[in-house]
Amino acid sequence: MRIATRAIHAGQHPEAITGAIMTPVFQTSTYVQHGPGEHTGYEYSRTQNPTREALERNIADLESASHAFAFASGCAAAATVMHLFKAGDHIVCNDDVYGGTHRLFTQVMATHGLEFTFVDLGDVNALEGALRPNTKALWLETPSNPLLKIIDLKALSTKAHAHELVVICDNTFATPILQRPLELGCDIVVHSTTKYMGGHSDVIGGAACTNNDTHAKRLGFLRNSLGNVPGPWDAWLVLRGMKTLPLRMKAHCENASRIAAYLVEHKRIERVMYPGLKTHPGHAIAASQMSAFGGMITFILEGGLPQAERFLKSVKIFALAESLGGVESLIEHPALMTHASIPAHIRAQLGINDGLIRISVGIEDVNDLLEDLDQALSI
Ligand SMILES: *Cc1c(COP(=O)(O)O)cnc(C)c1O
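Everything numeric here is computed off the predicted structure, so don't read it as measured data.

Participant: I tried to follow the site of the ligand on my own but got confused; where do I start?
Facilitator: Around the ligand, the structure places 14 residues, and the nearest of them are Cys75, Asp170, Ser192, Thr194 and Lys195. The contact in question runs from a nitrogen atom of the ligand to an N or O atom on the side chain of Asp170, over 2.6 Å. A distance of 2.7 Å separates an oxygen atom of the ligand from a polar side-chain atom of Thr194. Starting from 380 Å² of accessible surface for the ligand in isolation, the protein chains cover 92%. Taken together, the residues of the shell around the ligand break down into four nonpolar, seven polar and three charged.

Participant: Explain helix H12 (residues 304–314) to me, please; I cannot follow it from the model alone.
Facilitator: Think of an α-helix as 3.6 residues a turn; residues three or four steps apart then line up on the same face. If you check which residues of H12 are buried, you get Ala308, Phe311, Leu312 and Ser314. Projected down its long axis, H12 shows its buried positions confined to an angular sector of 165°, all on one face. The exposed residues of H12 that point more than 90 degrees off its buried face are Pro306 and Lys313. Buried residues belonging to H12 abut strand S9 (296–301), strand S10 (319–320), strand S11 (330–332), strand S12 (356–360) and helix H14 (366–377).

Participant: Would you mind showing me how to read the domain arrangement of the protein chain here?
Facilitator: Note on interface size: it is often stated as the accessible area lost on association of the parts. Segmentation of the protein chain into domains returns domain 1 (3–242) and domain 2 (246–377). The distance between the C-alpha centroids of domain 1 and domain 2 comes to 26 Å. Taken together, the contacts link 40 residues of domain 1 with 40 residues of domain 2. Of the roughly 3000 Å² buried at the junction of domain 1 and domain 2 (both faces included), carbon and sulfur atoms supply 64%.

Participant: What is the right way to look at the nonpolar core in this model?
Facilitator: One recurring pattern in soluble globular proteins is that nonpolar side chains are buried together. Residues Leu55, Ile59, Ile177, Leu178, Cys209, Met242 and Leu245 are the most contacted members of the largest nonpolar core, which totals 36 residues. Those elements that place two or more of their residues in this core are helix H1 (3–9), helix H2 (50–62), strand S1 (67–71), helix H7 (175–178), strand S7 (206–210), helix H9 (232–242) and helix H10 (245–265). When residues in this core are grouped by element, the largest group, six residues, is from H9. Looking at which domains feed residues into this core, each of domain 1 (3–242) and domain 2 (246–377) supplies at least three. Ignoring sequence-local partners within four residues, the contact set of Leu245 consists of Thr175, Ile177, Tyr196 and Met197. Membership of the second largest hydrophobic core comes to 27 residues, among which are Ala256, Leu263, Leu312 and Ile357.

About the criteria used
Residues numbered from 1 in each chain as written. Predicted model: local features only at pLDDT ≥ 70, side-chain atom pairs only at ≥ 80, totals over all residues. Heavy atoms only, no water. Near = heavy atom within 4 Å. Polar contact = N/O pair within 3.5 Å; in protein donor to acceptor, adjacent residues only side chain to side chain. Areas by Shrake-Rupley, 256 points an atom, 1.4 Å probe, with all protein chains shown as cover. Nonpolar A, V, L, I, M, F, W, Y, C, P; charged D, E, K, R; others polar. Buried < 20%, exposed > 50% of the residue type's maximum accessible area, 1.4 Å probe, protein only. Helix = DSSP H or I, 4+ residues; strand = E, 2+ residues; numbered from the N terminus. Arc of directions from axis to C-beta. Contact = heavy atoms within 4.5 Å. Domains from an automatic or database assignment. Buried area = accessible area lost by both parts, 1.4 Å probe. Core = buried A, V, L, I, M, F, W, Y, C linked by side-chain atoms within 4.5 Å.

Written out as structure tokens, the structure reads:
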């Protein structure tokens with residue numbers, strides 16, 4: 001079956017007692033046993049929950065994974081994946097990862113003895129220079145946040161596997177509708193389901209997927225031990241979002257490519273970063289590993305912070321807010337908002353400057369979005 005059909009049906013069964021077509025919210029902490037240890041396979045909701053499992057079967061199917069684990073947040077998924085490693089292990093990571101991932105690595109996992117090197121992996125040969133004898137994993141995020149750099153997942157997975165590294169990809173921006181990292185050679189995929197998968201800005205969630213039985217066994221054990229599970233109601237909301245993910249991604253991509261084309265032509269915009277533009281340095285790789293270019297656009301407005309602040313206050317449909325991937329369009333200032341947790345000198349090195357603005361293009365009528373940007377750019 002095709003992915004748009006699977007998004008709706010994969011892993012879903014009518015409920016056994018009533019035939020309810022939608023998986024119920026199994027809002028329970030525990031399950032009654034017939035006798036001590038004689039249970040239905042369900043003992044306690046941190047360990048097993050049918051609503052969560054319906055979501056996991058669905059996500060696993062779309063990501064071409066045999067195992068998926070839902071988490072309380074994207075950060076919870078990333079933190080749990082990091083627990084596959086131990087003190088003394090070294091991990092290579094692309095340089096402009098999500099701010100919260102950077103914080104988790106440098107201010108939490110590093111205090112437990114893990115070592116990290118951040119490097120621009122737009123050049124696949126940069127990996128070799130970052131390797132150490134104790135390197136155990138490669139963490140990739142593509143398109144990256146907020147600079148929308150593109151990383152060649154196939155080439156880097158091949159290189160990393162030659163050094164026996166575990167390759168992990170944060171696929172939040174692309175979603176399995178546009179890009180399936182496991183098919184391209186990665187070992188583990190992580191998601192913030194808060195974003196496109198949930199899709200309605202009403203839930204925080206995360207996921208990790210793999211085809212490797214050893215990693216899956218350990219991830220299941222770690223999640224049960226760390227206890228960072230999503231509640232059944234949150235799992236249900238993400239599952240509901242999944243069913244329209246293919247439709248929504250199509251609309252996000254169409255709107256974003258129209259807006260990117262508009263911004264490129266605008267005289268007050270110094271630079272537009274969107275992988276769908278032929279001038280984007282990662283365009284060819286994006287075209288080969290993604291089926292479309294996503295709904296995120298980053299651009300530099302002339303005039304630095306004062307102009308950026310004025311513009312951000314002048315838009316009317318775009319809401320000034322962190323996060324992304326919802327049906328509604330959002331706009332934000334990475335240096336002051338999503339990436340404020342990255343030290344200023346590192347932000348400067350990366351090019352996350354004061355004129356940099358990131359938009360999450362929603363699925364409103366694109367003409368309204370274009371008019372909104374146009375009026376705010378004329379103020
Ligand atoms: C939001 C986000 C995360 C973190 O997810 P939460 O659900 O906010 O914990 C991780 N990676 C990327 C790319 C994100 O956008």
